[in-house]
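A closer look at the structure
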Amino acid sequence: MRIAMTRKIPAVAEEILKELGDVDVWPEQLPPSPEKLLELASGRDGLVTTLNDRIDGAFLDQVPEVKVVSNFAVGFDNIDVDACTQRGVAVCITPDVLTDTTADFAFALLMAAARRVSESHQSIPKGEWKTWEPLGYLGQDVHGATLGIVGMGRIGVAMAKRASGFGMPVIYSDMNRNEHAEQELGVEYVEFNDLLQRSDFVSVHTPLTPQTRGLFGAAQFQAMKESAVLINTARGPVVDTDALVEALQSGEIWGAGLDVTDPEPLPADHPLLSIDRAVICPHIASASETTRSRMAQLAAENVKAVLTKTTPPRCLNPEVLSSD
Ligand code: DGY
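Residues numbered from 1 in each chain as written. Predicted model: local features only at pLDDT ≥ 70, side-chain atom pairs only at ≥ 80, totals over all residues. Heavy atoms only, no water.

One open sheet holds the seven strands; their spatial order is E8-E7-E6-E9-E10-E11-E12, and the pairing between them is parallel. Looking at which strands have only one partner, the edges of the open sheet turn out to be strand E8 (188-189) and strand E12 (278-280). As defined by bridge partners, strand E7 (residues 170-173) adjoins E8 across two bridges and the pair is classed as parallel. Among the inter-strand pairings, Tyr172 is bridged to a residue of E8, identified as Tyr189. Those strands touched by helix H7 (residues 154-164) are strand E6 (147-150), E7 and strand E9 (201-204), and its axis lies near 170° from that of E6. (Pairing = 2+ DSSP bridges. Helix = DSSP H or I, 4+ residues; strand = E, 2+ residues; numbered from the N terminus. Contact = heavy atoms within 4.5 Å. Axes fitted to C-alpha atoms, helices over the stretch in contact; angles between N-to-C directions.)

Further remarks concern the domain arrangement of the protein chain. Taken domain by domain, the protein chain comprises domain 1 (2-97 + 289-322) and domain 2 (99-280). Look at where the C-alpha atoms of domain 1 and domain 2 centre, and you get two points 31 Å apart. On the domain 2 side, the residues contacting the nine residues of domain 1 number five residues. Note on domain 1 versus domain 2: buried area summed over both sides is about 620 Å², and carbon and sulfur give 41% of it. If you sort the residues of domain 1 by the area they bury against domain 2, Asp77, Asp96 and Thr291 come out on top, with a joint share of 58%. Counting across the interface, domain 1 meets domain 2 through two salt bridges. One salt bridge connects Asp96 with Arg154, and the closest N-O pair in it is separated by 3.7 Å. Counting the contacts that link domain 1 with domain 2 gives three residue pairs in polar contact (both at pLDDT 80 or more). (Domains from an automatic or database assignment. Buried area = accessible area lost by both parts, 1.4 Å probe. Salt bridge = Lys/Arg side-chain N within 4 Å of Asp/Glu carboxyl O. Polar contact = N/O pair within 3.5 Å; in protein donor to acceptor, adjacent residues only side chain to side chain.)

Shown next, in the form of structure tokens:
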């Protein structure tokens with residue numbers, strides 16, 4: 001067997017995959033270019049990819065030996081799953097193992113944005129801490145505030161659980177009702193526009209699909225409270241970045257906590273970075289030592305299972321497995 005990994009990920013993945021045969025790992029810090037990706041994937045039976053790698057029909061047609069694409073992520077908007085299915089290629093992902101770590105981080109961003117943690121910290125090395133200030137860095141209360149969750153899947157549910165400890169009423173919108181979450185956690189299903197109008201914090205937990213691309217634009221920011229804070233740990237393009245910059249600059253919304261942006265990476269001179277009330281991190285919500293190791297293990301187990309013709313733990317198109 002020949003396997004390629006398009007980035008260096010925790011060592012456990014290579015340990016598992018080496019039992020199957022040769023493993024080549026892209027050694028550089030930056031992801032491979034499309035041309036280099038093609039070279040790396042050529043003649044491989046399996047690939048461990050990341051969200052930086054675009055996998056589509058044109059790519060797969062040039063690497064016909066590939067039987068499995070195992071994304072080191074729960075999101076898979078970088079992969080054309082239909083194109084994989086049509087070519088009998090299994091697509092696997094790493095859900096569950098990152099749910100709590102990602103929700104922890106979404107809540108950290110919520111608190112950091114609401115209470116101006118990053119902005120006030122940055123003022124100190126600038127020499128701006130002259131005295132205790134009665135009117136300095138006034139933020140938004142988190143406890144008791146209404147949290148609107150867009151997308152009540154695994155991570156949305158984990159976010160709702162965290163909010164309950166802060167006495168936050170939780171409302172949510174989604175394409176499908178999550179009645180289990182409604183019964184277990186007392187969350188209330190509302191229409192998207194209703195959520196925008198009622199929420200003090202809006203947290204995005206929806207995958208990037210044609211339906212969710214640009215879900216937050218000028219009209220949605222206008223509908224939100226002037227005191228509202230937007231949190232996004234899902235995918236950058238769910239939010240129209242220019243509209244967000246405008247909404248923050250004009251005071252249509254109060255703040256933002258973003259782990260994902262559009263574009264990614266965000267250029268160092270991007271206008272978002274000059275907005276004090278926007279807390280921005282470089283797509284690190286799942287980045288704990290334990291969770292990234294679990295993701296690596298699951299990504300490798302997915303490849304191993306497909307190539308040894310057993311059932312992969314997390315496959316998006318299992319129909320390609322039975323057609324072997
Ligand atoms: C994912 O898993 O989709 C994240 O964006 C990276 O952990």
